[in-house]
Amino acid sequence: MSQPTHSSKPTTHYALPTPILDLLTQYLQEQVTPTIKIDPEQLAYRWIGGENGHLSPLAVNLFLSLDDLQGIERQKSKLIQNTRQFLKGYPANHVLMTGTRGAGKSSLIRALLQAYHSEGLRIIEIARDDLQVLDKIRAAIKALPVDCGCRYIVYCDDLAFNGQDESYRALKSVLDGALDSEQDKLLVYATSNRRRLLPQMMKDNLDIYNGQTDEVNPYETIDETVSLSDRFGLSLTFHPMDQQTYLQIIQHYLILEQQKILANTDMTLEVSSEDGNLPDAIRADALRWASERGGRSGRVAYQFSRYWSGKTQLAIEDRKR
């Protein structure tokens, strides 16, 4: 007996209009983070594009050396020590640098790369708002070949959070919370103008003392605000500098500028008096510059040196006409 045959219905193909396909493609691209690939030959990256962004290679200018950063010898020494331990594969700590603005916190990171990139130091810069991608960056670093010889500092500048910001929890996990948080190829170096990265409100203390809080264990709120800072094993504080240090930094930068000028022209800048200090005219201008900017710092000193050097060179050129 022959078996009954089933008639097959023709298959109908449905095609979406091209504009809808384009919108779907764009949506999926925005929702899916591309695979993070790290090239050990690239000295520095910056994360751009938010949660679904990517690592963008940076063209790094390595002109700034550790010797150029003066007036912060104690902080510089501790940071160098920690970084050298890290590069040698010895135990080292995450670092939080806090204190006065313009003291050289960010400049130290650039100078470290200049000094130790030949020994395998690499930098990945990430903004505070993108901390949620730290786990993905950590996974990409972990996937690098064992013999690549590179170690990565994830650098976050101007780190601070408000009371409603939850992105700090991703940082806490990487620092000292996740089961695999200990890695020998990744450290976090962060800078902040605030010693406590989460705000401590006076009203919280008053509410506890007056019994105005609804929390059963109100002191846990205070513990939460300080726990993030505590997860950085090395904390370096930068203080406002004195007048003598400020003037020494200016003279140092002016001497460096004089050396660059002499390498290309016969122009001379008088940046030292007979006693080896700054000439009185430059000294007076430098102090006035700091007063107008509300304080002395390495940043202010560098900015003045550029102002005075550029102004002086232009005046010399004008006199030759």
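For clarity, every value in this text was computed on a predicted model and none was experimentally measured.

Side note on the overall build of the chain
Secondary structure summary: the chain contains ten helices and seven strands in total. Relative to its 321 residues, the chain shows a buried fraction of 40%. For the chain, contacts bridging at least 24 residues in sequence account for 75% of all contacts bridging at least 6. Roughly 19,400 Å² of accessible area belongs to the chain as shown, and the carbon and sulfur atoms make up 50% of that amount.

A few points about the state of the cysteines
Per the counting criterion, the structure on display carries zero disulfides. With no disulfide of its own, C150 lies closest to C148 among cysteine sulfurs, the gap being 4.7 Å. Under the relative-accessibility criterion, C150 is labelled buried at 5%.

Considerations on the packing of aromatic side chains
Under the defined criterion, the tally for this structure stands at four aromatic pairs. With a centroid separation of 5.8 Å and 65 degrees between ring planes, the pair formed by W289 and F304 is classed as edge-to-face. With W289 in helix α9 (residues 280-292) and F304 in helix α10 (residues 298-320), this residue pair connects regions lying 15 residues apart in the sequence. The rings of W289, F304 and Y307 are connected pair by pair, giving a single aromatic cluster.

Quick notes on the packing of α9 against α10
The geometry of α9 relative to α10 is characterised by a closest axis approach of 10 Å and an angle of 130 degrees between their N-to-C directions. Classed by the angle they form, the pair α9 and α10 counts as oblique. As for how α9 packs across α10, the hand of that crossing is right-handed. The residues of α10 that touch α9, namely those facing I282, D285, A286, W289 and A290, are V300, Q303, F304, Y307, W308 and K311. Partitioned by chemical class, the residues of the contact of α9 with α10 number eight nonpolar, one polar and two charged.

Quick word on the pattern of salt bridges
Counted according to the given criterion, the structure contains seven salt bridges. A salt bridge links E125 to R46; the nearest nitrogen and oxygen atoms lie 3.4 Å apart. On the criterion of sequence distance, the pair formed by E125 in strand β4 (residues 121-125) and R46 in strand β1 (residues 44-48) is long-range, its members being 79 residues apart. Taking the relative accessible area as the measure of exposure, R46 reaches 35% and is therefore partly exposed. Close ionic contact of R128 with D129 constitutes a salt bridge, the shortest N to O distance being 2.7 Å. For R128, a relative accessible area of 23% gives the class partly exposed.

How each quantity is defined
Residues numbered from 1 in each chain as written. Predicted model: local features only at pLDDT ≥ 70, side-chain atom pairs only at ≥ 80, totals over all residues. Heavy atoms only, no water. Helix = DSSP H or I, 4+ residues; strand = E, 2+ residues; numbered from the N terminus. Buried < 20%, exposed > 50% of the residue type's maximum accessible area, 1.4 Å probe, protein only. Contact = heavy atoms within 4.5 Å. Areas by Shrake-Rupley, 256 points an atom, 1.4 Å probe, with all protein chains shown as cover. Disulfide = S-S within 2.5 Å. Phe/Tyr/Trp six-rings, centres within 6.5 Å; stacked < 30°, edge-to-face > 60°. Axes fitted to C-alpha atoms, helices over the stretch in contact; angles between N-to-C directions. Parallel < 35°, antiparallel > 145°, perpendicular 65-115°, else oblique. Left-handed = near helix turned anticlockwise from the far one by under 90°. Nonpolar A, V, L, I, M, F, W, Y, C, P; charged D, E, K, R; others polar. Salt bridge = Lys/Arg side-chain N within 4 Å of Asp/Glu carboxyl O.

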